[in-house]
Structure formats: structure tokens, C-alpha cells
Amino acid sequence: MLNKIVISDVGDEMNTVRMMIAICVASVWVSVLLMGCNSSSDSAENDDPVVEEACETTSMTECVVDEESNSEENSDNDNNVLSRHYTIPVTFLLSEIGVPENRIPSGEEMVSVRAFGAIPNDDIDDTGAILEAINSAGDDVAVQFERGDYLLSKLLKIERKVFLRGVPGGGTRFFITSSTDPVTVVTYSKKSDWVDLEVNVAMGSNQLVLDRDSAALNDLIGYEYIEVEQDAGYIGDSPPSTFAIERSSFWQQFDEGTMARITSVDENTITLEAALSFNFNATTTRVRGFDLIEYAVFKNITFFRSVDTVDPRGDTLHIINTRHVVVENSSFHNVAGSHLTLRGVYQCTVNHNGFYNAFNYEPGRAYGVELTRHTTGCLVEDNVVSGYRHAFLTHLGANNSAFLNNYSEKNSDEDGGVIAGLSGHGYNSARILFEGNITDQAQLDAVGQRQKDIDVEDANGMRAGNVKANGQDFVFFRNCIESTDGITVLGGVDVRTFILNNALVSDEVASLGAAGGTPSLLTQTVTHGNLRAATDDIQYADSESETSFPASYIYSRAPTYYDGTAWPSTGGDLGINCSNPARERHIDAGNAL
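Here is what the cut-offs are and how they apply
- Position numbers for residues count from 1 along each chain, tracking the sequence in the order it is written.
- Totals for whole chains, interfaces and linings use all residues, but because this is a predicted model, local features are given only for residues with pLDDT of at least 70 and pairs of side-chain atoms are given and counted only at 80 or more.
- With hydrogens and water stripped out, all remaining heavy atoms of the structure feed into the side-chain values.
- By definition, any uninterrupted DSSP run of H or I lasting at least four residues is a helix, any uninterrupted run of E lasting at least two residues is a strand, and each is numbered from the N terminus.
- The buried label goes to any residue with under 20% of its type's maximum accessible area, the exposed label to any with over 50%, and the partly exposed label to all in between, with areas taken from a 1.4 Å probe on protein chains only.
- Contacts are residue-level and defined by heavy atoms, with any inter-residue pair within 4.5 Å sufficient.
- Paired strands, as defined in this entry, are two strands with at least two bridges between them according to DSSP.
- Scored between 0 and 100, pLDDT is the confidence that the predictor attaches to each residue.
- To qualify as a nonpolar core, a set must consist of buried Ala, Val, Leu, Ile, Met, Phe, Trp, Tyr and Cys residues joined through side-chain atoms within 4.5 Å.
- Disulfides are defined as cysteine sulfur pairs within 2.5 Å.
- Nitrogen and oxygen atoms within 3.5 Å of one another constitute a polar contact, given that in protein one can donate a hydrogen and the other can accept it, and given that sequence-neighbouring residues count only through two side-chain atoms.
- For this analysis, a salt bridge means a side-chain nitrogen from Lys or Arg found within 4 Å of a carboxyl oxygen belonging to Asp or Glu.

## Things to note about unusual backbone geometry
One can expect most non-glycine residues to show negative phi and most peptide bonds to be in trans.
For step 1, the next point in the chain: Residue Trp 567 is joined to Pro 568 through a cis peptide bond whose omega torsion reads 0 degrees.
For step 2, the next point in the chain: Mapped onto the secondary structure, Pro 568 falls in the loop between β41 (537-539) and α7 (581-588).
For step 3, the next point in the chain: The residue Asn 329 is not glycine, and still its phi comes out positive at about 50 degrees.
For step 4, the next point in the chain: Here Asn 329 is to be found in the loop between β17 (317-328) and β18 (331-335).
For step 5, the next point in the chain: On the basis of relative accessible area, Asn 329 is assigned to the buried category, the value being 1%.

## Let's talk about α7
For step 1, the next point in the chain: Buried within α7 we find Pro 581, Ala 582, Arg 583, Arg 585 and His 586.
For step 2, the next point in the chain: Where the residues of α7 are buried, they touch β20 (354-358), β23 (384-386), β26 (407-409) and β29 (438-439).
For step 3, the next point in the chain: Looking one or two places after α7, you find Gly 590, whose phi comes out positive at around 95 degrees.

## Regarding the environment of Met 203
For step 1, the next point in the chain: By the element assignment, Met 203 lies in the loop between β9 (195-196) and β10 (207-209).
For step 2, the next point in the chain: Placed 74 residues apart in sequence, Met 203 and Ser 277 show a C-alpha to C-alpha distance of 5.4 Å.

## Notes on the pairing of β18
For step 1, the next point in the chain: For β18, the buried fraction is high: five of the five residues fall into the buried class.
For step 2, the next point in the chain: When strand β16 (residues 302-305) meets β18, the two strands line up parallel, connected through three bridges. Paired with Phe 304 across the strands is His 333, a residue of β18.
For step 3, the next point in the chain: Here β18 runs beside β20; their pairing, made up of four bridges, is parallel. By the bridge assignment, Val 335 is partnered in β20 with Ala 358.

## Overview of the confidence of the model for the protein
For step 1, the next point in the chain: Overall, the predicted model of the protein reaches an average pLDDT of 75, with 68% of residues at or above 70.
For step 2, the next point in the chain: Between residues 234-250, whose pLDDT stays under 50, and residues either more than four places distant or in other chains, the model counts 33 contacts.

## Describing the nonpolar core
For step 1, the next point in the chain: Phe 145, Phe 174, Phe 298, Phe 303, Leu 317, Ile 319 and Leu 342 are the most contacted members of the largest nonpolar core, which totals 61 residues.
For step 2, the next point in the chain: For this core, the leading source of residues is strand β19 (residues 338-351), giving five residues.
For step 3, the next point in the chain: Setting aside anything within four residues of it in sequence, one finds Phe 303 in contact with Phe 174, Ile 176, Val 183, Phe 298, Thr 316, Leu 317, Ser 331, Phe 332 and His 333.
For step 4, the next point in the chain: Grouped together as the second largest cluster of nonpolar side chains are 20 residues, Leu 197, Val 228, Ala 260 and Ala 282 included.

## Observations regarding the state of the cysteines
A covalent bond bridging the sulfur atoms of two cysteines is what the word disulfide describes.
For step 1, the next point in the chain: Applying the stated rule across the entire model yields two disulfides.
For step 2, the next point in the chain: Here Cys 348 pairs with Cys 378 through a disulfide, and the sulfurs are 2.1 Å apart. Taking the sign of the torsion about the S-S bond as the criterion, the disulfide between Cys 348 and Cys 378, at about 135 degrees, is right-handed. Of this pair, Cys 348 sits in strand β19 while Cys 378 sits in strand β22 (residues 376-381), and the two are 30 residues apart along the sequence. This pair shows no difference in class: Cys 348 is buried, exactly as Cys 378 is.

## Quick word on the side chain of Arg 585
For step 1, the next point in the chain: By the secondary structure assignment, Arg 585 is in helix α7.
For step 2, the next point in the chain: Overall, the relative accessible area of 4% leaves Arg 585 in the buried class.
For step 3, the next point in the chain: Among the polar contacts made by the side chain of Arg 585, one reaches the main-chain carbonyl oxygen of Asp 382 at a distance of 2.8 Å.

## Thoughts on the pattern of salt bridges
For step 1, the next point in the chain: Throughout the structure, instances matching the rule amount to 17 salt bridges.
For step 2, the next point in the chain: Between Glu 294 and Lys 161 there is a salt bridge whose closest N-O contact spans 3.1 Å. Within this pair, whereas Glu 294 is found in the loop between β14 (285-289) and β15 (296-299), its partner Lys 161 is found in the loop between β5 (156-158) and β6 (162-165), the two being separated by 133 residues in sequence.
For step 3, the next point in the chain: On the basis of relative accessibility, which here comes to 31%, the residue Glu 294 falls in the partly exposed class.
For step 4, the next point in the chain: Residue classification places Lys 161 among the buried positions, given a relative accessible area of 15%.

This is how it looks when you write it as C-alpha cells:
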């Protein structure tokens, strides 16, 4: 029986837990985890504290302890509260997160955007010149920007690999007057036809057996990257007979899915680089090869959108169907939609950035970093987000990703009420770790899925439907929740969720969701070792014996950007006076940028 856990039953399948159990899985993580550090090699005097260089080394081994040390840490935690709840080997957990150093160019070879006519501070639109520089740059060549403002009055649509780099410290600014998404990296061009599965696949497996009789099989296995998606159907009863599925337009139907990399092929069996986050049923799953854009790198860029031209739904940087995305040491100002949307992305590193100010706080708007539509393997770390509806959000099958040591504040809805800075936003995202973050509120919610049942319609003309909840295995660990709303879990589907060693201002570890429900139905939610600051006590679950916790489920020593300060700096065992480098950076910058 868990002490003082209050959770509701609305239809949330909680995500990513397995990731956590990988408490410093040595050989896996040394090669993939600390991309934030390995991609911060630019050096220059920093004249903007918002985007100061938070990680100064170019060697991942300086950010993570060596393999031997990691192995020792692992063995000490083999029997921790997380691992006892898993049957899948820990080496499959949270594997291949972040962008490996050898999969993006070093940036040593470069071309100047000035050579193509993009001159800073001349008040002439630079969109065409920037695009020409991108398309003319050779393989693995960075496009370099000088200090100053570059005017973007039209959509900058990038359909190839790209590396844009500005002057460190906020000196390079894209001044955006476009009323649409100003910068988009996207491809839809080359992909195979869909191929069905031949046998069911269990979560944690890294192999798929494809339909050997499919005419598209030979084409698919010629690709290095694939997209896997499952018709997730409906929670509860089947839809009524009057309901007709339109696969091309029903965007939620195939939300459960993942991007993956093929490492080997044996006839109709393909082996993948990372473990799968879902159980895939052969009768409802399909797979296709996809020629993803090879990389998209944005470093030291300030994206500043003019207040007068904000589109009610416009994003700032929208990256679609791309592998190996790095957004680093940049800042984003003023948006209505999402500042950074990653859709159909395989492996990303988003680190040491600042995201500031939204204009429209209605549902579906005002997001800082959004992982969506099968995005897989992202590390979102040491960022500041101020003034949004949701600072960090996952939905639509986003999976196998970690949000570490971020800071967010002023998260509010359209009425000014406090809302979740950390949001598992339904629609089958899975295996997500939130660790070491400081925010106003955290929530796993079940988003209402509007179906086209012609027999049911509400007063607003919306069709009634079932709820699409989160998927399996969310973990909240060592976060600091600074509003009285705490960590809210809205549940309707009983899946593994872990809420461990968090510090909460509220007097409840998990507050009752707005939709009500029956907490006892969520038997797989483990709430343990959390501090209730209001009553100054730590809640332990009767079913768990541990009263101490590791510093991290990812790192076995402090990341470099902690720069000698105390680590860990958040957690129920450390009290409610929380801090981390992102928060201190924001305070030093004056709190409003």
C-alpha cells in the first residue's frame, strides 16, 4: 500500500520507466549519452548569459565516468526499486539516447553565408541567400554566420542535411517576420511501401520479423532507417459500427510507433540499434523504410520572432523526418505554437538553450520543446524555459527519451492558472525519464481523442470519443515541483509509472486529476521516497525497502556543466530548496530574456 498517493483513473498509460533502470549502463552510455558536451566545442567570449556555453569539453569521457566506474555503479544498484519491477535486461533500457559524436560533422570545414549575399544588419531579407548557402555547402560543411541580425521574412524550408552555426554568446540573431513556421527541416521524398509484421514483437526486443511475402520487403531492407507504427485502436470498447476510419486523415490512429535504425538483416528478420518501446501486434503493425535527412545541427543561433507577425499556430524551428538533430547554445524568443518541434526524429540532443515567451496559451499552443510523432532517442538537457503552457512535452508515440536538469517557470494556461511544465501529454508516448528538473507542476494526462462517431456530438459540435492515454513507463526522479499542484497522474489504463525521490511543495505526492476517477485502479504506479515540504516528511511505499537513491539514473558523476557545484542538486532527500545550473543561469541573466 502506497502512503498518501492520490491518482485518478481517466485513461493515461504512463510512459518510460525502463529508461531509468539503466542506472549508468556503462558501455551503452559512454558512446551515446553526453552529446550535450561533445557538441559544445565552439569557444568565444560569451556576451549573452542566456546562451552561455554550459559544457566546455569536447570529450564525452570528460562528462561521463569511464566504463569501469560505470560498471561498478551499475552493480551497486542491481536491486534498486526500479529494476525489481522489470523483466527486460537493463542493457536494453534507455539505449541510444542523444546524438553520437561521430554522426554529425565537426564543423571544422565551413562556408560563410556572406559569400551568398546574406549580410547582417542591412534590413534586407536573407531567407533566399541562407537557403542558397545551405544547398551549396558540400557534405559535412557548416554554414557560418557573423555577429548581427539576419532578416527572415519568408519560410526557410530546408530539405537536406544542414549545419548552421552562429557566434557564441547570442551574437547571431535570426530576426523573424514570417507569419508561418519560419525555419523547417523536412523530407517526405524517399520511402518504401508499408510491410506488415509476420509475428508479434515484445517491448524490449530489438528485432522485427517482416512479412516474407510482401512485395515491398526487398525495397524496405535496403534502407538504414525505418518507421514502425501500430494501429493503436481505442481504449475500452470498439467504436460503434457507424464509425469509419479514414487512415489518411485520422492523425491519432497510428500514434503508437517509433523510428529505428537497422544494424543487420537476415532474410526477413531485421535487427535494430535500440530496443523497442512498445509491444507490436502483427495484425495491426506496419513498417516502412525511410530515407531520413542525415543531420540537422543548429548552434549559437538566437531565433527572435517579431511580436506583430506571430501566427496563431506558428512554430519557430520545426524538424521532421530527420536523424541526428542537435540544437545547442541557442535561444528562442516569442512564439504561438512550439519553439522546437521534433517530429519523426531519430536521436536528438537539445542542450544548453533558452526558450522565452509565448503569445497564445490556449490548448495545443505555447510549448517549449515538443517531442511528437514517433520521435525516438532524444536527450533534452540543461535548458531554460520561461513563459509557456507546457515547457517540455511528449505525445503521439514519442519514446525512449530523457529530460535532464532543465528549469522551467511561468507555465500557465489561457486563464493564467498553473499548468504542467513537464507533460506526458497522452497519445501513446512511452519510456520517458524526467530527472533533476525544476518546474511548477508535472503531469501525465489523458487527452480526449475525438472520434468521428456520427451518432454522438457535444454542444460544441465535437464528436465524442474515448481517451488516448500515455504509454508504458514514465519515470519522475529527483525533480523539484514548486507549486502546490505537485505531480498529477490522470489514469485509466494500468501501466508502470514511477514517482521517486521528488521534492514537492504540495502536501500530496500526486494530486487528484481534474477528471476524478478511482486511484486504486492504478496498481502499477509506484510512489516512493518523495518529500512533502508542506508537512516536512518523506513518503515511503510499504512495498519498497530502499531509503536511499542514486544520484542519477543516467550519470555516475556530475555532468561537466555542473562545474564543481554540488551534484545531485535536486531530490526529496535534499529538501525543497532546489537548484540546478539551468536555474542559476536564468537567475544570473535577470530572469526575463
